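Okay, here's what each chain looks like letter by letter:
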Amino acid sequence: MAARCSVSHNALLSLLPRPMLSSRAPSRLLRPSKVLAMARRGFSSQEDDFASPDDLRFEPPLKIVEYPHPILRARNKGINTFDENLKKLADEMFDVMYKTDGIGLSAPQVGINVQLMVFNSAGERGEGEEIILVNPIVYRVSKKTVLFNEGCLSFPGIYADVERPASIKIDARDITGGSFRVNLSGLPARVFQHEFDHLQGVLFFDRMTEEVLSSIRSQLKALEVKYESQTGLQSPERIDDYKRREEVAGFGRA
Ligand SMILES: CSCC[C@H](NC=O)C(=O)N[C@@H](C)C(=O)N[C@@H](CO)C(=O)O
Ligand SMILES: [Fe+2]
């Protein structure tokens, strides 16, 4: 049985006390001025608006929310209550992640719009290490980027190449509320970035090139049709009307 810890000692290269954040391009999704303001406060922007007990209420078993459900694009609140309910939520997220053959899962993917992710890049209960990150911030990314054929539990059966920085530096809280900094590279860096994007309402196809996106367009349309027939609602987004957001597709400077 893998230890359920908040941070890996093998995969994570360093674990330091919470120091000042770097002023150098922390996340491609946050303006440097905003990040500096956050660094001075020592909190993420999401923590300006914390989740209430209602926001964190859930009914097991959790179910994966599929594209194009609007929950995947909604704002995710910061967490400042580190209690038994939060531990139970993380446990349930691991359960559904393993059952669905995932290697990472973010809270919005199970319908809870808060800043929480779990991952185990080994993908098997009892192997690798289980990592839980609360209110994460990326404060530095490598210049070097790598391509990887990614899949997402919210897009069943769809895989396509996504380019991302090879390594990153993160500031986060653990399941007990303790602050820490870690460096990630390899598959853990990939999984973390995929889940971190979910926490910003960014989906993996937002980072694909036009060419790669074309290769999965019909599969995305099929999910939109499925959503419409299951809910009786119009799909909140359509890949045919998709406008690339340059600030999402690009990378911050390392
Ligand atoms: C490479 S980052 C993928 C993270 C993703 N998390 C949430 O959506 C995820 O777990 N996707 C799965 C489809 C996945 O990558 N599963 C592994 C193991 O089965 C795979 O190689 O397909
Ligand atoms: Fe995903």
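What counts and what doesn't
Residues numbered from 1 in each chain as written. Chains lettered and ligands numbered in written order. Predicted model: local features only at pLDDT ≥ 70, side-chain atom pairs only at ≥ 80, totals over all residues. Heavy atoms only, no water. Helix = DSSP H or I, 4+ residues; strand = E, 2+ residues; numbered from the N terminus. Buried < 20%, exposed > 50% of the residue type's maximum accessible area, 1.4 Å probe, protein only. Contact = heavy atoms within 4.5 Å. Areas by Shrake-Rupley, 256 points an atom, 1.4 Å probe, with all protein chains shown as cover. Donors = N, O, S within 2.8 Å, 3.2 Å for Na, K, Ca; no water. Tetrahedral: all angles 85-135°; square planar, octahedral: opposite > 155°, others 65-115°. Expected span 1.5 Å × (residues − 1). Bend = angle between axes of the 7 residues up to and from the residue.

Peer 1: It is not clear to me how the overall build of the protein should be interpreted in this structure. Could you clarify?
Peer 2: In terms of regular secondary structure, the protein is built from five helices and seven strands. Overall, the protein shows an N-to-C arrangement of helices and strands of α-α-β-β-β-β-β-β-β-α-α-α. The buried share of the protein, reckoned over its 254 residues, is 50%. For the protein, long-range pairs separated by at least 24 residues make up 72% of all intrachain contacts whose partners lie at least 6 apart in sequence. For the protein, the accessible surface area stands at approximately 11700 Å², while carbon and sulfur atoms represent 51% of it.

Peer 1: Can you help me understand the coordination of the iron ion (ligand 2) in this one?
Peer 2: By definition of the ideal shapes, four donors in a tetrahedron about a metal sit 109.5 degrees apart, and six donors in an octahedron sit 90 or 180 degrees apart. With distances of 2.1 Å, the protein atoms coordinating the iron ion (ligand 2) are Cys152 (SG), His194 (NE2) and His198 (NE2). Classification of the site at the iron ion (ligand 2) as tetrahedral follows from its four donor atoms and the range of 98 to 131° in their angles at the metal. In terms of primary sequence, the donors binding the iron ion (ligand 2) are separated according to C-x41-H-x3-H. Taken together, the residues Cys152 in the loop between strand 4 (145-151) and strand 5 (159-165) and His198 in helix 3 (residues 186-199) connect sequence positions 46 residues apart.

Peer 1: What is the right way to look at the side chain of Arg190 in this model?
Peer 2: With respect to the helices and strands, the residue Arg190 is situated in helix 3. When neighbours within four sequence positions are excluded, Arg190 is seen to be in contact with Val146, Leu147, Phe148, Glu150, Val162, Glu163 and Arg164.

Peer 1: Whenever I open this one, helix 4 (residues 210-231) confuses me. Can you help?
Peer 2: Residues spaced three or four apart along an α-helix point in a common direction, a consequence of the helix completing one turn every 3.6 residues. With 22 residues, helix 4 should cover 32 Å at 1.5 Å per step; its first-to-last C-alpha distance of 29 Å lies within 8% of that length. Helix geometry: helix 4 is bent most strongly at Ile216, by close to 50°. Within helix 4 the residues assigned to the buried category are Val212, Leu213, Ile216, Leu220, Leu223, Glu224 and Tyr227. Residues of helix 4 that are buried sit in contact with strand 5. At the exit of helix 4 stands Gly232, carrying a positive phi of roughly 75°.

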